[in-house]
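Letter by letter, the chains look like this.
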Amino acid sequence: MFTWANFFSQVFNGLALGALLALISSGLTIIYGTLGVLNLAHGAMFMMGGYAGYVVYDATGSFTLAVAGGALFMLVVGVVMERLIIRHFYHRPHEDQLLVTFGISIVMVEVVRLIFTSLSKTVPPPPLLAGITSLGVTFYPTYRIAVVGIVAVALLVLYFILYRTKLGMIVRAGIEDSEMVDSLGIDVYRVFMIVFGIGAMAAGFSGIVNAPVVSLTPDVGEAILVQTFVVVVIGGVGSFPGAVLGGLIAGEIISITSMINPAYAYIMLFAAMTLVLVLRPYGLLGVRGRE
Amino acid sequence: MTANRHSRRDFLRQAVATGAGVGALSTGLTPFMAMPVWAKDEPPIGTWPAGSQGGSVFIGISVPRTGTYAVQGEDELKGYQLAIEHINSGHELIKKISPKTTKGVLGKELKFGVADSAAKPNDAVQAQQRFITENKAVMITGGTSSAVAVALNKLAQREKILFVCGISGSNDTTGKDCVRYGFRQNFFGQTAAAAIAPVLVKQFGKNKKVAYMTPDYTYGHTVTKAVQDATKGDGWTTVTNQVSPLGAPDFSSYLLNIANSGAEILINVNWGHDAVLSIQQAKQFGVLDKMKLVVPYQVPFLARETGGLMQGVYAATDYWWTIEDKYPLAKMFNAEFEKKYNYKPEWGAENAYISFAHWAHMVEEAGTFYPPTVIKTYEKGETIPSLVGDVHYRPEDHQCIRPVIIVKGKMQKDMKGKEDYYDIVEIVPGAGLMQKPDAFGCKLGDYT
């Protein structure tokens with residue numbers, strides 16, 4: 001039965017859900033948008049960041065340290081991964097990139113399963129953000145409201161680094177013509193390594209920020225990976241603002257559809273993606289040629 | 001050596017069959033009624049006789065080791081492994097369930113292969129097809145998803161290999177999708193609903209508004225409908241039914257619908273990690289403060305994983321370890337399981353162990369691995385021991401008639417140990433819970 005209270009609740013929920021999806025998708029789009037690598041290990045990196053944060057939380061009891069720990073751990077993992085494996089695939093076909101990152105994701109998931117088993121782990125939100133807040137029309141988990149703010153700040157920082165710093169400029173130039181950048185005396189591969197590390201860090205950060213919303217299991221990244229791909233396709237592959245727009249659209253589609261018929265919530269998400277692919281293959285905010 | 005043993009057994013079997021036939025004819029009874037029938041001719045069928053000609057036989061096991069049901073799949077696998085170990089060593093517990101067991105089944109060692117089904121029918125069918133083709137499996141088993149169970153039912157019937165079903169809660173498994181070659185030990189939607197409904201009405205009263213959370217496949221739909229039907233007579237009405245895909249990463253939008261529905265009771269049919277996550281998020285959204293939670297098909301490990309959220313919650317289950325006070329075999333099983341795996345067994349392990357032990361019992365009674373004969377032995381409906389007292393398999397749909405255990409989550413202060421999560425509210429005998437054999441449209445199909 002339709003009620004305005006439920007409608008406004010779902011619209012707000014779509015915003016919060018969309019913010020989370022935008023954050024999770026940002027790492028994927030950073031790596032693809034700058035390095036051209038479609039990273040199928042993104043879901044596994046998201047999961048691993050959550051587990052790294054869980055370990056820190058378990059040891060210290062501090063959520064802030066857990067967030068820092070999860071993000072930094074994945075920064076290191078990302079850098080090592082780029083140096084040892086990804087670097088050798090920049091000039092290989094996309095199929096090879098997909099296969100190698102898919103393989104890495106399997107290894108990551110099974111290593112985590114080996115250590116932590118499949119039993120879910122819980123990271124509670126910080127005490128200040130625990131509980132429920134009244135929004136007038138509905139009650140909503142305080143942490144989820146806070147996540148909207150956390151996501152906004154995180155996305156702004158990422159945007160600033162990639163689009164308003166010298167590093168970002170070099171990266172974008174390197175993508176267009178890496179030989180030219182190299183001839184200017186800039187070690188372009190070192191920059192690529194940093195970018196991959198930042199993408200991995202974004203995945204890890206979103207993994208631990210998302211941990212109080214969903215309990216952690218080794219498979220948590222698998223389901224979210226599919227959604228992040230949908231978000232990135234809708235918003236535009238490689239487009240940072242596109243990930244934000246795509247996330248918000250996806251969140252609203254899931255929420256509003258579930259109000260009308262919950263069984264169709266995820267179907268509608270894929271229907272929307274199909275529509276975008278047909279009408280605008282490079283996504284709503286994507287750059288033509290990157291589809 | 002093995003071939004000689006087999007020939008000797010064939011000879012004895014034919015001699016017994018001939019004697020039984022002559023004796024039965026002289027008393028006016030049909031041979032079938034007089035004694036176990038040993039067919040004079042057991043033509044090749046499925047992996048018979050190739051699969052059982054050596055010194056060992058092979059069992060194909062498929063359980064989810066990844067995905068939403070991974071935790072339950074691992075528990076189930078441990079039950080299988082313990083049963084195989086006990087059968088191969090002729091353990092005392094197995095002998096109490098299958099008295100003719102010495103070591104192995106009909107003297108043959110059990111070997112097995114394990115595949116990850118990920119709770120996906122395609123994965124399970126492909127893996128089991130490999131076990132049948134490459135390893136000549138004489139029996140396939142596994143479950144933890146009714147979608148998988150239904151698919152394996154069909155594979156078993158097509159390939160003429162026995163399928164001893166693992167966890168499967170859908171009415172369809174021994175209902176409209178039943179097969180001659182499939183058998184199920186555990187409780188299911190209909191029996192869960194019939195057992196828990198009177199307890200719920202007694203506890204919460206009549207004329208309640210109910211919200212359901214339903215996973216979108218055969219298990220979810222049949223369990224939800226069974227509970228709706230069982231409570232309809234007492235005026236319980238459905239105000240919303242939130243159907244979600246298996247493995248949904250977030251339940252927030254569903255929970256908002258429930259929070260705004262005016263429901264007084266939330267019946268959560270989700271299973272595996274979906275149940276864990278949806279209950280945790282229901283708490284985050286304040287839903288559990290507004291309405292009472294009920295889990296009609298309890299999830300193994302749910303109490304451990306939800307961190308206290310099952311306290312005071314009613315649930316129906318196949319097994320809870322504290323019934324050992326009433327059932328000696330349960331006590332033996334718990335002790336053996338805990339000794340090997342360092343935790344109390346949950347019902348995935350129990351179902352795996354006992355359904356396997358029942359299969360061993362039936363093969364030993366049949367005296368052959370020849371599938372039609374083993375099936376007919378099940379279909380005699382003989383009363384046999386289990387971990388929850390005496391049970392039998394119904395010949396019309398191959399469903400085990402067994403009790404359903406109603407539990408209620410214990411409050412923290414009442415727990416006597418770290419795994420003392422539930423009180424046993426009631427152990428409801430199975431016979432009165434079952435639908436009529438033809439109610440769900442079961443047509444078993446052919447033996448050959």
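Cut-offs used in this document
Residues numbered from 1 in each chain as written. Chains lettered and ligands numbered in written order. Predicted model: local features only at pLDDT ≥ 70, side-chain atom pairs only at ≥ 80, totals over all residues. Helix = DSSP H or I, 4+ residues; strand = E, 2+ residues; numbered from the N terminus. Rg over C-alpha atoms; globule rule 2.2 N^0.38 Å. Buried ≥ 20, exposed ≤ 12 C-beta atoms within 10 Å, placed from the backbone. Contact = placed C-beta atoms within 7 Å. Nonpolar A, V, L, I, M, F, W, Y, C, P; charged D, E, K, R; others polar. Core = buried A, V, L, I, M, F, W, Y, C linked by C-beta atoms within 7 Å. Axes fitted to C-alpha atoms, helices over the stretch in contact; angles between N-to-C directions. Parallel < 35°, antiparallel > 145°, perpendicular 65-115°, else oblique. Left-handed = near helix turned anticlockwise from the far one by under 90°. Pairing = 2+ DSSP bridges. Expected span 1.5 Å × (residues − 1). Arc of directions from axis to C-beta. Domains from an automatic or database assignment. Right-handed = clockwise from strand over helix to strand, strands pointing away. pLDDT = per-residue confidence, 0-100.

### Thoughts on the overall build of chain A
Step number 1: Along chain A, the regular secondary structure elements total 11 helices and 2 strands.
Step number 2: Along chain A, from the amino end to the carboxyl end, the secondary structure elements read α-α-α-α-β-β-α-α-α-α-α-α-α.
Step number 3: Against the globule reference of 19 Å for 291 residues, chain A gives a C-alpha radius of gyration of 19 Å, in line with a compact fold.
Step number 4: Dimensions of chain A along its principal axes, counting C-alpha atoms only, are 65 × 50 × 35 Å.
Step number 5: In chain A, which comprises 291 residues, the share counted as buried stands at 53%.
Step number 6: For chain A, the share of sequence-separated contacts (at least 6 apart) that also reach a separation of at least 24 residues comes to 75%.

### A closer look at the overall build of chain B
Step number 1: When its secondary structure is counted, chain B shows 15 helices and 14 strands.
Step number 2: The globule rule puts the C-alpha radius of gyration for 448 residues at 22 Å, and the 22 Å found for chain B is close to it.
Step number 3: Its C-alpha atoms give chain B principal-axis dimensions of about 70 × 45 × 40 Å.
Step number 4: Taken across its 448 residues, chain B has 56% of its residues classed as buried.
Step number 5: Sequence separation of 24 or more characterises 71% of the internal contacts of chain B that already satisfy a separation of 6 or more.

### Quick word on the interface of chain B and chain A
Step number 1: Contact residues are listed per partner, giving 30 residues for chain B and 30 residues for chain A.
Step number 2: Every element with two or more residues in the side of chain B that touches chain A is listed here: α3 (70-89), β7 (237-244), α9 (252-259) and α10 (272-284) of chain B.
Step number 3: Among the residues forming the side of chain B that touches chain A, the class breakdown is 12 nonpolar, 14 polar and 4 charged.

### Describing the nonpolar core
Step number 1: If you look at the biggest cluster of nonpolar residues, it comprises 227 residues, and the most contacted ones within it are Leu 20, Met 48 and Met 74 of chain A together with Ala 192 of chain B.
Step number 2: Ranked by residues supplied to this core, first place goes to helix α8 (residues 188-210) of chain A with 14 residues.
Step number 3: For Ala 192 of chain B, the contacting residues outside a window of four places in its chain are Phe 187, Val 223, Ala 226, Pro 296, Tyr 297, Ala 316 and Val 404 of chain B.

### A closer look at the packing of helix α5 (residues 121-135) of chain B against helix α6 (residues 146-159) of chain B
The relative placement of two packed helices comes down to the angle between their axes together with the axis-to-axis distance.
Residues and elements named next belong to chain B.
Step number 1: As a packed pair, α5 and α6 sit with axes 9 Å apart at the nearest point and diverge in direction by 30 degrees. By the criterion of interaxial angle, the relationship of α5 to α6 is roughly parallel. Relative to α6, the crossing made by α5 is right-handed. Between α5 and α6, the residues in contact are Pro 121, Ala 124, Val 125, Gln 128, Gln 129 and Ile 132 and Ala 147, Val 148, Ala 151, Leu 152, Leu 155 and Glu 159, respectively.
Step number 2: Class assignment of the residues belonging to the contact of α5 with α6 gives a composition of 9 nonpolar, 2 polar and 1 charged.

### What to know about the sheet that holds strand β8 (residues 265-268) of chain B
Residue and element names in this part refer to chain B.
Step number 1: The strand order across the open sheet formed by 7 strands is β7-β6-β8-β9-β10-β13-β14, and the pairing between neighbours is mixed. In the strand order of this sheet, the two ends are held by β7 and β14 (422-428), each with one partner. Each strand of the sheet is rotated relative to its neighbour by a mean of 20 degrees, with strand direction disregarded.
Step number 2: Bridge count between strand β13 (residues 404-409) and β14: 6 bridges; the pairing is antiparallel. Note on β14: the bridge partner recorded for Lys 408 is Asp 423.
Step number 3: Seen against the sheet, helix α8 (residues 218-232) touches β6 (209-215), β7 and β8 and runs at an angle of roughly 160 degrees to β6.

### Section: helix α11 (residues 265-279) of chain A
Residue and element names in this part refer to chain A.
Step number 1: The first and last C-alpha atoms of α11 sit 21 Å apart over 15 residues, in line with the 21 Å expected at 1.5 Å per residue.
Step number 2: Along α11, the residues classified as buried are Ala 265, Tyr 266, Leu 269, Met 273 and Val 276. The buried residues of α11 occupy one face: seen down the axis, they fall within an arc of 105 degrees. Opposite its buried face, α11 presents the exposed residues Thr 274, Leu 275, Val 278 and Leu 279, each directed more than 90 degrees away.

### Observations regarding the domain arrangement of chain B
Residue and element names in this part refer to chain B.
Step number 1: What the domain assignment lists for chain B is domain 1 (2-34), domain 2 (50-187 + 325-402) and domain 3 (190-317 + 406-432).
Step number 2: Taking only C-alpha atoms into account, the centre of domain 2 sits 28 Å from that of domain 3.
Step number 3: Opposite the 21 residues of domain 2 that make contact, domain 3 presents 21 residues.
Step number 4: For the side of domain 2 that touches domain 3, the secondary-structure elements that each account for two or more residues are α3, α6 and α14 (347-366).
Step number 5: In terms of residue class, the side of domain 2 that touches domain 3 is built from 8 nonpolar, 8 polar and 5 charged.

### Quick word on unusual backbone geometry
All names here are of chain B.
Step number 1: Here the amide bond leading from Trp 48 into Pro 49 is cis, since omega sits at 0 degrees, within 30 degrees of zero.
Step number 2: Position of Pro 49 among the secondary structure elements: in the loop between α2 (31-34) and β1 (56-63).
Step number 3: Look at Ala 119: it is not a glycine, yet its phi comes out positive at around 60 degrees.
Step number 4: Positionally, Ala 119 belongs in the loop between β2 (109-116) and α5.
Step number 5: With 29 C-beta atoms packed within 10 Å, Ala 119 lands in the buried category.

### Some details on the packing of helix α10 (residues 240-260) of chain A against α9 of chain B
Step number 1: Direction vectors running N to C along α10 of chain A and α9 of chain B enclose 40 degrees, while the axes themselves pass 9 Å from each other. Judged by the inter-axis angle, α10 of chain A sits oblique to α9 of chain B. Between α10 of chain A and α9 of chain B the crossing geometry is right-handed. Residues Ile 254, Ser 255, Ser 258 and Met 259 of chain A of α10 of chain A lie in contact with α9 of chain B, whose contacting residues are Ser 253, Tyr 254 and Asn 257 of chain B.

### Topic: the environment of Gly 247 of chain B
Step number 1: Within the secondary structure, Gly 247 of chain B sits in the loop between β7 and α9.
Step number 2: Linking Gly 247 of chain B and Lys 416 of chain B, residues 169 residues apart in sequence, is a C-alpha distance of 34 Å.

### Overview of the sheet that holds strand β5 (residues 182-184) of chain B
Residues and elements named next belong to chain B.
Step number 1: Spatially, β2-β1-β3-β4-β5 is the arrangement adopted by the 5 strands of the open sheet, whose pairing is parallel. Either end of the sheet is taken by a strand with one partner, and the two such strands are β2 and β5. Neighbour-to-neighbour, the strand axes of this sheet turn through a mean angle of 20 degrees, independent of strand direction.
Step number 2: The strands touched by α6 are β3 (139-142), β4 (162-165) and β5; relative to β4, the strand with the most contacts, the crossing angle is about 160 degrees.

### Quick look at the pairing of β6 of chain B
The side chains of a regular strand alternate, residue by residue, between the two faces of the sheet.
Residue and element names in this part refer to chain B.
Step number 1: Summarising burial for β6: 6 of the 7 residues are buried, a large majority.
Step number 2: Relative to β7, β6 runs parallel, the two being bridged by 7 bridges. Across the sheet, Ala 211 pairs through a bridge with Thr 240, a residue of β7.
Step number 3: Taken together, β6, α8 and β7 constitute a β-α-β crossover, and its handedness is right-handed.

### What about the confidence of the model for chain B?
Residue and element names in this part refer to chain B.
Step number 1: Overall, the predicted model of chain B reaches an average pLDDT of 90, with 91% of residues at or above 70.
Step number 2: Taken as a whole, residues 1-38 scores under 50 in pLDDT and shows 28 contacts with residues more than four places along the chain or in a different chain.
Step number 3: In the predicted complex, the global pTM is 0.83; the interface-specific ipTM is 0.79.

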